[in-house]
Structures are given as structure tokens and as C-alpha cells.
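# Residue-level structure breakdown
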Amino acid sequence: MAPLDWLLSEMKTLTSSAPSEYAPRLPRQRPARDTGRVLVLNATYEPINVCSVRRAAILLLKEKAEMIERSDSELRSERQVLARPIVIRLRLYVNVPRDSSKRKITRRAVFARDGWACQYCGTRSSLTVDHVIPRSKGGLSTWENIVASCAPCNRRKADRLPAQINMHPRKSPRVPGPHVFITVATQKIPAAWLQWLPAEAA
Ligand SMILES: [Zn+2]
């Protein structure tokens, strides 16, 4: 499979296996068979994706990727032993679509982009998503028109335009960078990933 095909199929896997955005955010115990996630860097060392340990092992064994960070534990199959990967780098440059605007807008991704804070009052509780230009006034469901908002601000603003009620988002909403999707694809960012991610992802 060409690297780009692989990347796209892996992204599909990620979307479908992401925790339900409506599920309560309870501390969850990882099932014992969950082998965690691996950060994937492009040939340029730019972080581009997150994949399963199994997928990473296949890429390493096929020499499509190289090991950048490994853990002390090992993966064993009948014939091979491989250090468990934490960060891998693709040997061939993959042209990642810059256009994150095509990526699915989820509540978690909006919250992560907005720093898990209401964009009107700054509170971090009771977060919802708000259409800056209300849908009833023709506002679209795009990254540029959706912000994190606490429930009280959302109710107060209702279906009014920002200027009508003088409620403007603190930062004008934009399409998030790829690190936002990396952040939301995993329960917790492993310490070994941090040096490869932009500071705002930590
Ligand atoms: Zn608020």
C-alpha cells in the first residue's frame, strides 16, 4: 500500500475508533489488550498522525518507517521480537493534505483547538459548541464558524449575531492544525511525544 493510502485508511480507523464525543469523560482504565498509540512523523519529522502499535510494527518491519522512540518493552510474534515503538518516522515523505478544513468537526476537536475554554467568558465547565453566526441566520457548520462555548453563554447568545449582543469569540476561529487531531486521538499524550509536537499541543 502506498504511504498515502495507508495514511488515509489509518485516519479512517482513527475516526471510527475515537471515543464517543457524547460519552461522559470518566477516568477510564485501559483494557489490558489495548497496546496504546504511536506518534507518526513525516520524513521531515513533522508529526502527522497517530496509529496503533500493530500498524507501526508493520511499517517498521516493511522498512517503510524507522524507529525514533522506543519503550523498554518488546513486541513478540512467533518469529520476531521488536522493541515497542512510541514514535516512528516515515522513510518516504507523505504529502499530507494541508486542508484540515475537510476533516470532521467533532466537539472534542473544537474544544482542543479552543484550549478547553469557553470563547466568550473563558470558563472551562459545561462546554458546548456554538455557531458564531447562528444557523438560523445562515451561519455554516465550518471550523471558522464554530467555537467552544459554555452552556450559559450559549443560552445567553441564543440565535443572535455577535454584534447584536456584543458577544465576540476571544480568538477568531480557524481550521486547526494537525496537532489538534493528534491530541484528540489519544486519551493522554505520552511524555515521549512532547518533543515532537508543537508547544501548543502539550
Ligand atoms: Zn461562557
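Scoring rules and cut-offs
Residues numbered from 1 in each chain as written. Predicted model: local features only at pLDDT ≥ 70, side-chain atom pairs only at ≥ 80, totals over all residues. Helix = DSSP H or I, 4+ residues; strand = E, 2+ residues; numbered from the N terminus. Buried ≥ 20, exposed ≤ 12 C-beta atoms within 10 Å, placed from the backbone. Contact = placed C-beta atoms within 7 Å. Pairing = 2+ DSSP bridges. Core = buried A, V, L, I, M, F, W, Y, C linked by C-beta atoms within 7 Å. Domains from an automatic or database assignment. pLDDT = per-residue confidence, 0-100. Axes fitted to C-alpha atoms, helices over the stretch in contact; angles between N-to-C directions.

Each helix and strand in the chain was counted, giving six helices and six strands. Counting from the amino terminus, helix and strand elements in the chain follow one another as α-β-β-α-β-β-α-β-β-α-α-α. Out of the 202 residues belonging to the chain, those deemed buried represent 27%. Summarising the internal contacts of the chain: among those between residues at least 6 apart in sequence, 62% fall at separations of at least 24.

For the rest of this paragraph, the subject is unusual backbone geometry. You will see that Tyr 45, though not glycine, has its phi angle at about 75°, which is positive. Positionally, Tyr 45 belongs in the loop between β1 (37-41) and β2 (47-52).

Time to look at the pairing of β2. Along β2, five of the six residues are buried, which leaves the element largely enclosed by surrounding structure. Pairing analysis gives five bridges linking β1 to β2, with the strands arranged antiparallel. Counted as the bridge partner of Val 38 is Cys 51 from β2. Counting the residues between successive antiparallel strands, the hairpin from β1 to β2 contains five residues, one of them, Tyr 45, with a positive phi of roughly 75°.

Among the nonpolar cores identified, the biggest contains 34 residues, and Val 38, Leu 39, Val 40 and Ile 88 are the most heavily contacted of them. Among the secondary structure elements, those contributing two or more residues to this core are β1, β2, α2 (53-61), β4 (81-90), α3 (107-113), β6 (146-150) and α6 (178-184). Mapped onto the domain boundaries, this core takes at least three residues apiece from domain 1 (3-17 + 35-99 + 177-201) and domain 2 (102-165). Leave out the neighbours within four places in its chain, and Val 38 touches Val 50, Cys 51, Val 53, Ala 56, Pro 85, Ile 86, Val 87 and Ile 88.

A few words now on the pairing of β1. Remark: a regular strand shows side chains that alternate across the two faces of the sheet. Burial runs high along β1: five of the five residues are buried. Burial of the side chains of β1 extends over both faces: Arg 37, Leu 39 and Leu 41 are buried on one face and Val 38 and Val 40 on the other. With three bridges connecting them, β1 and β4 associate as parallel partners. Looking at β4, one finds that Leu 41 is bridged to Arg 89.

With that out of the way, let us pick up α2. Among the residues of α2, those classed as buried are Arg 55, Ala 56, Ala 57 and Leu 59. Positive backbone phi, at 60°, marks Glu 63, one or two positions downstream of α2.

For the chain, mean pLDDT is 82; residues scoring 70 or higher make up 79% of the total. Between residues 10-34, whose pLDDT stays under 50, and residues either more than four places distant or in other chains, the model counts 12 contacts.

Judged by pairing direction, the sheet is mixed, and its four strands sit side by side in the order β2-β1-β4-β3 without closing on themselves. Each having just a single partner strand, β2 and β3 (65-76) make up the two edges of the open sheet. This sheet shows a mean twist of 35° between the axes of neighbouring strands, independent of strand direction. Bridging between β3 and β4 involves eight bridges; their strand directions are antiparallel. Bridge assignment links Met 67 to a residue of β4, and that residue is Ile 88. Docked against the sheet, α2 engages β1, β2, β3 and β4, running at close to 85° with respect to β4.

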